[in-house]
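# Structural overview for review
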Amino acid sequence: MPERRCIATGETKGPGEMVRFVVGPEGGIVPDLAGDLPGRGIWVSARRDCLELAVRKRLFARAARADVTVPPDLADLVERLVARRALDLLGLARRAGQVVAGFEKVRERLAAGRVAVLVQAGDAAPDGRARARSGAG
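Read on for an overview of the structure.

Cut-off values and rules
Residues numbered from 1 in each chain as written. Predicted model: local features only at pLDDT ≥ 70, side-chain atom pairs only at ≥ 80, totals over all residues. Heavy atoms only, no water. Buried < 20%, exposed > 50% of the residue type's maximum accessible area, 1.4 Å probe, protein only. Helix = DSSP H or I, 4+ residues; strand = E, 2+ residues; numbered from the N terminus. Pairing = 2+ DSSP bridges. Salt bridge = Lys/Arg side-chain N within 4 Å of Asp/Glu carboxyl O. 1 Å grid on protein atoms, 1.4 Å probe; cavity = no way out; pocket = protein on both sides within 12 Å on 5 of 7 lines; lining within 4 Å. Points joined across faces, edges and corners; volume = space filled by probe spheres on them. Nonpolar A, V, L, I, M, F, W, Y, C, P; charged D, E, K, R; others polar. Axes fitted to C-alpha atoms, helices over the stretch in contact; angles between N-to-C directions. Left-handed = near helix turned anticlockwise from the far one by under 90°. Contact = heavy atoms within 4.5 Å.

## What about the pairing of strand β3 (residues 18–23)?
Taking burial as the measure, the six residues of β3 include five buried ones, the bulk of the element. Two strands pair when backbone bridges link them, and β3 and strand β5 (residues 42–45) are joined in this way by four bridges, in the antiparallel orientation. Pairing of Phe21 across the sheet is with Ile42, part of β5. Taken together, the three bridges between β3 and strand β4 (residues 29–31) define a ladder with antiparallel strand orientation. Looking at β4, one finds that Phe21 is bridged to Pro31. Hairpin connection of β3 to β4: five residues between the antiparallel strands, including Gly27 at a positive phi of 85 degrees.

See below:
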């Protein structure tokens, strides 16, 4: 896919490194994480500071060439939507047999070298996290 330009930094990046927004029917800025909403995309680097800068400097209105409504908590909204999308995709992958949960199942996959990504709970015990990463039992 072609690269897009961030309205906050001016950097060009691939769509996978950015968040797309569109102007909704009522003139509000709407995050489009799936990239399938109609309308001209407005792109911001997928970093909270870039999004906050775009909101603070009213860069969405400039990019849309129109008055738009930007929720003051847009960065929080995007964070929640990204987390929700990640969990949904993990759920789909788990139903497809691509994700396993549980120490023993994970350990078996690690030992077999069949792990692309290891996701661990932030509140897991440090020794348990280390054992899982090392593949030890």
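## Notes on the pattern of salt bridges
Scanning the model with the defined rule gives eight salt bridges in all. Between Glu52 and Arg48 there is a salt bridge whose closest N-O contact spans 3.0 Å. Remark: Arg48 and Glu52 occur in helix α1 (residues 48–56); sequence separation between them is four residues, near one turn of the helix. Taking the relative accessible area as the measure of exposure, Arg48 reaches 35% and is therefore partly exposed. If you follow the salt bridges from partner to partner, you end up with Arg48, Glu52, Asp76 and Glu79 in one network.

## What about the layout of surface pockets?
Gaps left between atoms are located by rolling a probe of water-molecule size over the structure's atoms. There is about 600 Å³ of room inside the largest pocket. Residue lining of the largest pocket: 23 residues in total, with Val100, Val106, Val117, Leu118 and Val119 positioned closest to the centre. Counting only elements with at least two residues in the lining of the largest pocket, the list comes to α3 (74–95), α4 (103–111) and α5 (126–134). Grouping the amino acids of the lining of the largest pocket by side-chain chemistry returns 14 nonpolar, five polar and four charged. Computed from the structure, the second largest pocket encloses a volume of approximately 390 Å³. Elements that contribute at least two residues to the lining of the second largest pocket include exactly β3, β5, α1 and α3.

## Considering the packing of α1 against α3
α3 packs onto α1 with a crossing angle of 145 degrees between their chain directions and a minimal axis gap of 9 Å. Regarding α1 and α3, the two cross each other, and that crossing is right-handed. Residues Arg48, Leu51, Glu52 and Val55 of α1 pack against Leu74, Ala75, Asp76, Val78 and Glu79 of α3. Of the residues belonging to the contact of α1 with α3, the class tally is five nonpolar, no polar and four charged.

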